[in-house]
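# Examination of the molecular architecture
So the chains spell out like this:
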Amino acid sequence: KNEVEQSPQNLTAQEGEFITINCSYSVGISALHWLQQHPGGGIVSLFMLSSGKKKHGRLIATINIQEKHSSLHITASHPRDSAVYICAVRWRGGADGLTFGKGTHLIIQP
Amino acid sequence: GAVVSQHPSRVICKSGTSVKIECRSLDFQATTMFWYRQFPKQSLMLMATSNEGSKATYEQGVEKDKFLINHASLTLSTLTVTSAHPEDSSFYICSARPLSSSNEKLFFGSGTQLSVL
């Protein structure tokens, strides 16, 4: 069964810390998404990656296709970054929909 | 940015009733919309892929006669949970892919929390 694994499941850090969330997947993909889910349930798409690295503000996402691994980094973390971060992939040659990781629950304390 | 509106945000219903959830793309056209379900403390699971003007494609284990999906226009898809039961209580969320996009960002609705009594 194709799977998406995220780590850590839970992460509590102090404001200002550099945060890394990891995502590994089992077989080839055509795209990988990083999503942010807020307590009310709403989801925001942060990045879509198929190779390399993307940066938006304090967020950086990288992907290593050979190692089947992606990371999401948050620099200078802030309490407003507290949310669940979800990695989701579209399998290469697969159907259109996404397979999701279980998410990383991030809490940034002031 | 692109906005997807999902209604209602919360619904409580009696067992046996049907519930309709709407997903609208407000400022773009979407040939494809996706419906997901999330049980507490579990990951999102794709239920079905909806293409405008054609029948939805359901994931394995999702009953198409129970979860009716209609994608009648490029801006609206609906999910109807028919004869809802307590085990259908879950968080349902849609996403839409703009007509002009291939694999780029998806835009998500705000979700619907369904509670079946």
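This write-up is about the structure you can find in this document. Not measured: the values here are computed from a predicted model. (Residues numbered from 1 in each chain as written. Chains lettered and ligands numbered in written order. Predicted model: local features only at pLDDT ≥ 70, side-chain atom pairs only at ≥ 80, totals over all residues. Heavy atoms only, no water.)

Take the pairing of strand β4 (residues 30-38) of chain B next. Residues and elements named next belong to chain B. Within β4, 8 of the 9 residues are buried, which leaves it mostly tucked inside the rest of the structure. Examined bridge by bridge, β4 and strand β9 (residues 90-98) share 8 bridges and lie antiparallel to one another. Counterpart to Trp35 in the pairing with β9 is Cys94. Taken together, the 6 bridges between β4 and strand β5 (residues 45-51) define a ladder with antiparallel strand orientation. Pairing of Phe34 across the sheet is with Thr49, part of β5. Once β4 ends, the chain turns through 6 residues before running back antiparallel as β5, passing Lys41 with a positive phi of about 60°. (Buried < 20%, exposed > 50% of the residue type's maximum accessible area, 1.4 Å probe, protein only. Helix = DSSP H or I, 4+ residues; strand = E, 2+ residues; numbered from the N terminus. Pairing = 2+ DSSP bridges.)

Residue and element names in this part refer to chain A. Reading across the sheet, the 5 strands line up as β1-β3-β8-β7-β6 and stay open at both edges, with antiparallel pairing between neighbours. The open sheet has two free edges, formed respectively by β1 (4-7) and β6 (52-56), since each of these has just one partner strand. This sheet shows a mean twist of 15° between the axes of neighbouring strands, independent of strand direction. The sheet contact formed by strand β7 (residues 59-64) and strand β8 (residues 69-74) spans 6 bridges and is antiparallel. Residue pairing in the sheet places Asn64 in a bridge with His69 of β8. (Axes fitted to C-alpha atoms, helices over the stretch in contact; angles between N-to-C directions.)

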